[in-house]
Amino acid sequence: MGDVETFRKGEIALRDLSKSFQIGGRSLRVLRNLNLDIRSGECLAIVGASGSGKTTLLRILAGLEAADAGKVVIDDQPVRGVGNERAVIFQEPRLLPWQTVLENVAFGLEVRGGHARHANERARHYLSLVGLADFADAYPKQLSGGMAQRVGIARALTVQPEILLLDEPFGALDAMTKLTMQEELERIWRDENVTMVLVTHDLEEAVYLADRVLVLPKNRDGNPKIIEIDLARPRDRSEAGFVQYRKDLLREFGLH
Amino acid sequence: MSLQDVDRSILANGGSDGVKAEEYLQRAGARLRHWLSRYGLLAAFLVFWQAASSGGWINSAVFPPIDAILSSMWRGVFGGALLDDIAISLQRSGLAFVAAVLVAIPLGLFMGQVRPIEQALDPILQLFRQTSALALYPVFILLLGLGEASKVFVIFWATLFPLLLNTISGVKEVDSKLIEMARVYGASRPTVFRRVVLPGAIPSIFVGLRLSATTALLLLIASEMIGANKGVGFQVMNAQYNFQIPLMFAAIFILAGLGLIANYALVFAQRRLCRWSDVSI
Ligand SMILES: Nc1ncnc2c1ncn2[C@@H]1O[C@H](COP(=O)(O)OP(=O)(O)OP(=O)(O)O)[C@@H](O)[C@H]1O
Ligand SMILES: [Mg+2]
């Protein structure tokens, strides 16, 4: 166990990563020679204009998409396809409508070969961690959007990944629920000791959660930029430093 | 016994328990209203038929009163004459339906997942589907003779396509995002099939099953009207020929009943299998 802990720590290295898509006979370059080291246990936010390649980058990290050139190295192992040390949380909860909430949460672990009983036990644990212990036997249809998203998060946590990849996880939620979920996510991130890569449109979310923010360039020839968020946690959204970081990020997009 | 009687008898037995009785009465009333809103018109239609026929408003030689039809059905079923017909009809449509299920569902599940095969077979499937099975019946008779084989085959043929096409589209319409989610957790192809594709396709498969059951009955009757000497469909024609109009209607009612039973059985099975979604009849 100790060995595994020290060897696999959820460290990600991107080396000269490039990716293009063919659209209507033309080649669209989305990522160009991207180099980045994501530290073990950190929370990295990725922001950028729509179409700047945030989702593409995350899907490459997840192993759902292959890069044209360059590589992703996780814990000194080059990535080929999906892997057990990673879990993905999508913008939609992606729950199986024909399974109960508990079965959905246990799904990932079961698929990975966990015993049903063990998977259920752990699923129950994470379900109560996201505050939905009472809904174990409900069907996804009976949940609100925020609750469903929480079930998706519990499912990802149940496989106890070293790396959690999130693509606008709260993008579809109302403002109030979103704030609550951001706080919950921070607590989970601290308790579970997991490396987190969070794609978001929401600059405030990035400042609230991230240790560092990767700003993808609006203009495809520009260079990505890293902004370190040096604020104590839990962060106060109204505090001067917080507001300043938010302003700095806005300015990156030519906004005020 | 009217509802008032029920009320009084409960009050008499329950004594002080008037609240309970009232609750019971309310529930009985609600159930009655529900029943009336659902079956009221049907009941009214049957009552009207009975009155119109026995009152002579309509030609009772063509529309015999309901009680005459029911007594003819009673004699037919319990006297055994219609029983044989029902048995042979059930055998024909049942065999064909089971065969269609055994062929269409596995084939559809396979075709829905393998895009090139589906694309190659789709035009010919559409052609077969659009060609009325009844139009092909003479061909089947030429090939298989006028006996049981051609009858079962024409029903099988007609029931195969709705089920096959619905199974294929059920598989194809399974949310690809769910499949991707399963892949992220490392699910193998068989696991994705078992846990995502198959359950996702089941509602559509049931749509196909219900369509096929209806089609099976339709083709059963048609095939029994051509060159048969047994079967409920044959009895409809035969009774009309012999001017046994109540018997003719009895056979028609039995066919309608078989259709209803088949549909309810499938809805029931669907409810059991798909508790997670709302099933409407
Ligand atoms: N499968 C694909 N095939 C072709 N082009 C694609 C594909 N996926 C993404 N693209 C293109 O790559 C570019 C980046 O897309 P991506 O989804 O990564 O953007 P994004 O930053 O996540 O945008 P958003 O903020 O709107 O989610 C877009 O211009 C898109 O058209
Ligand atoms: Mg995106």
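Residues numbered from 1 in each chain as written. Chains lettered and ligands numbered in written order. Predicted model: local features only at pLDDT ≥ 70, side-chain atom pairs only at ≥ 80, totals over all residues. Heavy atoms only, no water.

Undergrad: Can you explain the domain arrangement of chain A? Please cite residues and give values.
TA: Residue and element names in this part refer to chain A. Domain parsing of chain A yields domain 1 (7–85 + 162–252) and domain 2 (95–160). The straight-line distance from the C-alpha centre of domain 1 to that of domain 2 is 25 Å. Between domain 1 and domain 2, a total of about 1100 Å² is buried, with carbon and sulfur atoms accounting for 59% of that surface. Viewed at the interface, domain 2 and domain 1 are joined by one salt bridge. (Domains from an automatic or database assignment. Buried area = accessible area lost by both parts, 1.4 Å probe. Salt bridge = Lys/Arg side-chain N within 4 Å of Asp/Glu carboxyl O.)

Undergrad: Tell me what's going on with the nonpolar core, and back it up with residues and numbers.
TA: Counting residues in each nonpolar core, the largest one holds 153 residues, and the members touching the most others are I12, L14, L127, L164, V197 and V213 of chain A. Once you skip the residues sitting within four places of it in the chain, V213 of chain A turns out to touch A45, V47, A206, K225, I226, I227, I229 and L249 of chain A. (Core = buried A, V, L, I, M, F, W, Y, C linked by side-chain atoms within 4.5 Å. Buried < 20%, exposed > 50% of the residue type's maximum accessible area, 1.4 Å probe, protein only. Contact = heavy atoms within 4.5 Å.)

Undergrad: Mind laying out the site of ligand 1, listing which residues take part and the relevant values?
TA: Residues and elements named next belong to chain A. Among the 14 residues in the neighbourhood of ligand 1, the closest are listed as S50, G51, K54, T55 and T56. Between an oxygen atom of ligand 1 and a side-chain N or O atom of T55, the distance comes to 2.6 Å. Compared with its free state, where it exposes 630 Å², ligand 1 has 65% of that area covered by protein. Secondary-structure elements contributing two or more residues to the shell around ligand 1 are β1 (12–23), β2 (26–38) and α2 (54–62). (Near = heavy atom within 4 Å. Polar contact = N/O pair within 3.5 Å; in protein donor to acceptor, adjacent residues only side chain to side chain. Areas by Shrake-Rupley, 256 points an atom, 1.4 Å probe, with all protein chains shown as cover. Helix = DSSP H or I, 4+ residues; strand = E, 2+ residues; numbered from the N terminus.)

Undergrad: With reference to specific residues and values, describe the environment of S212 of chain B.
TA: Residue and element names in this part refer to chain B. Structurally, S212 is set in helix α9 (residues 189–225). Through-space distance from the C-alpha of S212 to that of L160 is 7.2 Å; in sequence the pair is 52 residues apart. The contacts of S212, once residues within four sequence positions are left out, are F97, T159, P162 and L163. Within the structure, the side chain of S212 is placed 2.7 Å from the backbone oxygen of T159, a separation counted as a polar contact.

Undergrad: Lay out the interface of chain B and chain A with the relevant residues and their values.
TA: Taken together, the 19 residues of chain B in the interface contact 22 residues of chain A. Summing both partners gives a buried area of about 2100 Å² for chain B against chain A, and 62% of it is carried by carbon and sulfur. Three residues stand out in chain B for area buried against chain A, namely Y185, R195 and W276 of chain B, and they jointly supply 41% of the buried area on that side. In this structure, the connection of chain B to chain A is made through four salt bridges. Between K177 of chain B and E92 of chain A there is a salt bridge, with its nearest N and O atoms 3.5 Å apart. Inspection of the region where chain B meets chain A yields eight residue pairs in polar contact (both at pLDDT 80 or more). Where the side of chain B that touches chain A is concerned, the elements lending two or more residues are α8 (176–184) and α9 of chain B. It is α8 of chain B that provides the largest number of residues to the side of chain B that touches chain A, a total of seven residues.

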